[in-house]
Amino acid sequence: MSLKVLVGVKRVIDYAVKIRVRPDKLGVVTDGVKHSMNPFDEIAIEEAVRLKEKKIAKEVIAVSCGPAQAQETIRTALAMGADRGIHVEVPAKEMEKLEPLHVSKILAKLVEKEGGDLLIVGKQAIDDDTNATAQMTASLLNWPQATFASEIKKTDGELEVTREIDGGLESIKVKLPAVVSADLRLNEPRYATLPNIMKAKKKKIQKMKPGDLSVDVTPHLEVVEVLDPPVREAGIKVDDVEGLVTKLKEAGRI
Amino acid sequence: QSTLVVAEHDNNALTPITLSAITAAKKLGGDVSCLVAGHNCSKVVEELTKASGVTKILVADSDALVGFLPERLAPIVLASQNQFNYTHIVAGASALGKSLLPRVAAQLDVSPISDIIEVKAPDTFVRSIYAGNALMTLKSKDAVKVITVRGTSFEPAELSGGSAGSEPLPVSDLPLDMSQFIGQELSKSDRPELTAAKTVVSGGRGMKSGENFEMLYKLADKLNAAVGASRAAVDAGFVPNDMQVGQTGKIVAPELYIAVGISGAIQHLAGMKDSKTIVAINKDPEAPIFQVADLGLVADLFKAVPEMIEKV
């Protein structure tokens with residue numbers, strides 16, 4: 001069985017950008033800020049492309065929900081080796097209110113429509129840090145889930161997955177079709193080469209709207225406010241180990 | 001108003017984050033029940049009976065629950081929800097809680113709220129976004145709130161004074177063929193667990209090698225501390241991944257955090273900046289870690305740490 005793999009890729013503010021809270025205190029500044037593919041989703045795409053290179057997957061489809069610029073994120077996935085893309089258009093204003101639950105419904109509908117065998121997504125997006133999309137999509141599809149994966153092996157009709165859990169590692173088997181969420185150590189994503197970037201321009205990106213998939217994107221959550229975290233004041237410098245140990249003993253910390 | 005807390009345990013003892021989840025549940029108001037699902041987990045039930053503020057314990061005991069697979073736990077949580085109509089379902093934001101609760105939430109058509117750090121009202125919560133670089137307060141419009149709780153943000157509930165009764169839950173029709181638990185490889189250590197330790201000693205790229213972490217272990221043993229590491233140290237292969245403190249690793253908030261040879265990348269700060277006292281030892285006086293440290297020592301760690309081992 002050669003797998004049809006869908007991969008969710010999210011466009012987020014680049015991980016190296018210093019986040020600034022918006023003056024209206026309802027979000028963070030995104031205008032004129034560098035965006036990239038969510039780093040965990042890069043790992044997800046890389047894994048899917050490797051499955052294709054090993055002939056375990058027959059097709060890799062990159063899916064992104066978001067404004068027009070989400071196409072750039074899909075292009076990056078295509079340049080890394082995905083075969084085609086699906087762009088679910090959500091205008092920037094609505095994107096702020098698009099919750100992981102909505103994205104899960106969209107992904108579940110697309111997986112059904114495409115007849116996918118495997119969905120891989122990053123374990124969390126580095127903007128909202130929710131860590132729920134894989135689990136919810138699996139739930140909606142009534143599929144098993146292998147979250148926080150650090151190694152995937154395909155056996156007959158199953159995936160054997162190593163998961164990163166709190167105290168170490170865990171091994172599980174999930175029956176296909178299944179959903180996997182990628183953790184940091186699953187692989188090291190490749191850089192897209194110039195020839196592949198050129199080739200990616202010719203690959204197809206299909207456009208649709210959440211309504212085309214009959215997904216209702218009414219918010220379940222309301223943002224009350226977004227604030228800067230409390231600032232931690234720098235303390236003092238001590239001259240030597242003696243001084244450090246004395247201060248710690250005075251404070252009752254050791 | 002009533003809350004179900006999904007207890008996390010290893011069939012012998014509760015995981016500490018469960019007690020933090022109970023504290024968060026008490027802040028929501030109303031009755032607090034706990035679900036203990038596992039196999040031969042009566043010791044856990046007994047332990048939980050003592051927890052103050054818990055009124056009822058639901059027990060699902062079955063050999064099908066070995067390995068705590070979310071595909072099998074989710075139907076049990078949903079069955080409890082169908083029977084008792086809780087307004088809130090809460091678990092710790094651990095690997096288990098994060099795997100399980102979204103799976104439950106999707107079935108209830110609810111937007112889960114992950115990793116909260118504060119309860120403002122029964123429907124209003126604070127959580128950190130962008131690796132802790134902003135704090136978001138949000139209000140849920142869902143009839144049932146499905147929430148995971150950051151352990152370090154809520155004091156553990158006391159295991160005394162409680163007198164909860166327990167009742168069994170029927171366990172049937174679990175999807176046994178979907179997934180299978182094979183095994184776990186847990187890092188063994190006599191030191192306290194990283195997220196529960198009162199003192200944490202962490203090393204960064206400045207440690208230069210895995211062997212050099214030996215001196216941090218020695219210092220940790222003198223201080224009864226856990227040992228952590230920055231992502232740079234993990235990526236360089238000095239220590240295993242489960243020692244990583246930071247946004248993508250573990251979030252810790254001990255009374256004392258000693259950062260050794262750690263520059264203080266934003267991802268690392270997100271994982272430890274709620275520690276009560278932060279000590280930084282680094283030879284680079286410009287290292288960003290000094291901007292958050294209560295006590296900074298600009299020194300060569302290879303001289304300072306051995307000296308510290310002698311003096312504490």
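All chains use their own residue numbering, which begins from 1 and follows the written sequence. Ligands are numbered from 1 and chains lettered from A, in the order in which they are written. Whole-chain, interface and lining totals are the exception, using all residues; otherwise, since this is a predicted model, local features are given only for residues with pLDDT of at least 70 and side-chain atom pairs are given and counted only at 80 or more. Side-chain descriptors were evaluated using all non-hydrogen atoms of the structure, hydrogens and water having been removed beforehand.

- As recorded by an unreviewed UniProt entry, chain A carries the name Electron transfer flavoprotein subunit beta and is attributed to Penaeus vannamei.
- UniProt positions are given in the numbering used here, feature names are shortened, and annotations may be inferred rather than shown by experiment. You can read under Sequence similarities (unreviewed entry) in the UniProt record for chain A the words "Belongs to the ETF beta-subunit/FixA family."
- UniProt lists a comment for chain A under the heading Subcellular location (unreviewed entry), and it reads "Mitochondrion matrix".

1. A word on the overall build of chain B
- When its secondary structure is counted, chain B shows eight helices and 15 strands.
- For this measure, only C-alpha atoms enter the radius of gyration; the expected value for a globule follows 2.2 Å times N^0.38, where N is the number of residues. What you see for chain B is a C-alpha radius of gyration of 21 Å, in line with the 20 Å of a compact globule of 312 residues.
- With respect to the principal axes defined by its C-alpha atoms, chain B has extents near 60 × 40 × 40 Å.
- Here's how the labels work: a residue is buried when its accessible area is under 20% of the maximum for its type, exposed when over 50%, partly exposed in between, all with a 1.4 Å probe on protein chains only. Burial statistics for chain B: of 312 residues in total, 58% are counted as buried.
- The contact definition used throughout considers only heavy atoms, calling two residues in contact when any of these lie within 4.5 Å. By sequence separation, contacts in chain B at least 24 residues apart represent 65% of the contacts at least 6 residues apart. Labels follow the DSSP assignment, with helices taken as runs of H or I lasting at least four residues and strands as runs of E lasting at least two, numbered in each case from the N terminus.

2. Notes on helix H2 (residues 42–49) of chain B
All names here are of chain B.
- Here H2 has its buried residues at Val44, Val45 and Leu48. Angular distribution of buried residues about the axis of H2 spans 100°; they occupy a single face of the element. Pointing more than 90 degrees away from the buried face of H2 are the exposed residues Ser42, Lys43 and Glu46.
- Those residues of H2 hidden inside the fold are in contact with helix H1 (16–28), strand S2 (31–38), strand S3 (56–61) and strand S9 (165–168). This arc is built from the directions going out from the helix axis to the C-beta atoms.

3. Focus on helix H1 (residues 39–53) of chain A
All names here are of chain A.
- One fewer than the residue count of a helix, multiplied by 1.5 Å, yields its expected span. Helix length check: H1 (15 residues) gives 21 Å between terminal C-alpha atoms against 21 Å at 1.5 Å per residue, within 8%.
- Where H1 is concerned, the buried positions are Phe40, Asp41, Ile43, Ala44, Ile45, Glu46, Glu47, Ala48, Val49 and Leu51.
- At the C-terminal side of H1, Lys55 shows a positive phi close to 65°.

4. Some details on the UniProt feature "domain: Electron transfer flavoprotein alpha/beta-subunit N-terminal" (unreviewed entry) in chain A
- Within this structure's numbering, the places UniProt gives as "domain: Electron transfer flavoprotein alpha/beta-subunit N-terminal" (unreviewed entry) are residues 25–217 of chain A.
- Taken end to end, residues 25–217 of chain A is 32% helix and 31% strand, and its two terminal C-alpha atoms sit 23 Å from one another.

5. Examining unusual backbone geometry
- Between A:Leu176 and the following residue, A:Pro177, the backbone shows a cis peptide bond with an omega angle of 0°.
- For A:Pro177, the location among the structural elements is in the loop between strand S9 (168–175) and strand S10 (178–182).

6. Considering the sheet that holds strand S1 (residues 3–8) of chain A
- Taking strand neighbours across the sheet as the criterion, the 10 strands line up as S11(A)-S5(A)-S4(A)-S1(A)-S6(A)-S10(A)-S7(A)-S8(A)-S9(A)-S10(B) in an open arrangement whose pairing is mixed. Each edge of the open sheet carries a strand with a single partner, namely strand S11 (205–208) of chain A together with strand S10 (179–186) of chain B. The mean inter-strand angle of the sheet, taken between neighbouring strand axes irrespective of direction, is 25°.
- Across five bridges, strand S6 (residues 118–122) of chain A lies against S10(A) in parallel orientation. In the sheet register, A:Ile120 faces S10(A), and the bridge partner there is A:Val180. Two strands are said to pair when DSSP picks up at least two bridges between them. The angle between two axes is taken between their N-to-C directions and runs from 0 to 180 degrees, where each axis is a line fitted to C-alpha atoms and a helix contributes only its stretch in contact.

7. Examining the interface of chain B and chain A
- Facing the 83 residues of chain B at the interface are 76 residues of chain A.
- Buried area is understood as the total, over both parts, of accessible area removed when two parts are fitted together, assessed with a 1.4 Å probe. Buried area between chain B and chain A, both sides added, is near 6600 Å², and the carbon and sulfur share of it is 54%.
- In the sections that follow, a salt bridge refers to a side-chain nitrogen of Lys or Arg positioned within 4 Å of a carboxyl oxygen of Asp or Glu. Linking chain B with chain A are six salt bridges.
- Between B:Glu255 and A:Arg253 there is a salt bridge, with the nearest N and O atoms lying 3.8 Å from each other.

8. Things to note about a nonpolar patch on the surface
All names here are of chain A.
- On the surface, Leu194, Ile197 and Met198 cluster together into a nonpolar patch covering about 290 Å² of accessible area.
- Following the sequence through the fold, Leu194 ends up in helix H6 (residues 194–200).
- For Leu194, a relative accessible area of 60% corresponds to the exposed category. Candidate patch residues must exceed 30% relative accessible area and have no salt bridge, after which like charges are joined if within 9 Å and Val, Leu, Ile, Met, Phe, Trp or Tyr side chains if within 5 Å. Areas reported as accessible are Shrake-Rupley estimates using a 1.4 Å probe. Residue values count occlusion only from the protein chains shown.

9. Describing the sheet that holds strand S4 (residues 88–92) of chain B
- Pairing in this open sheet of 10 strands is mixed, and the strands run S12(A)-S7(B)-S6(B)-S5(B)-S8(B)-S4(B)-S1(B)-S2(B)-S3(B)-S9(B) from one edge to the other. If you trace the sheet from one side to the other, it starts and ends with strand S12 (221–227) of chain A together with S9 of chain B, each paired once. Adjacent strand axes in the sheet meet at a mean angle of 35° when their direction is disregarded.
- As judged from the two bridges shared by strand S5 (residues 113–121) of chain B and strand S8 (residues 145–149) of chain B, these two strands associate in the parallel manner. Paired with B:Ile116 across the bridge in S8(B) is B:Val149.
- Along the sheet, helix H4 (residues 95–107) of chain B contacts strand S1 (2–6), S4 and S8 of chain B; its crossing angle with S4(B), the most-contacted strand, is approximately 160°.

10. Side note on the pairing of strand S12 (residues 226–229) of chain B
All names here are of chain B.
- Burial along S12 is two-sided: the face carrying Ala226 and Gly228 and the face carrying Val227 and Ala229 are both buried.
- In the sheet, strand S11 (residues 199–203) pairs with S12 via four bridges, with the strands oriented parallel. When the bridges of S12 are listed, Ser202 appears paired with Gly228.

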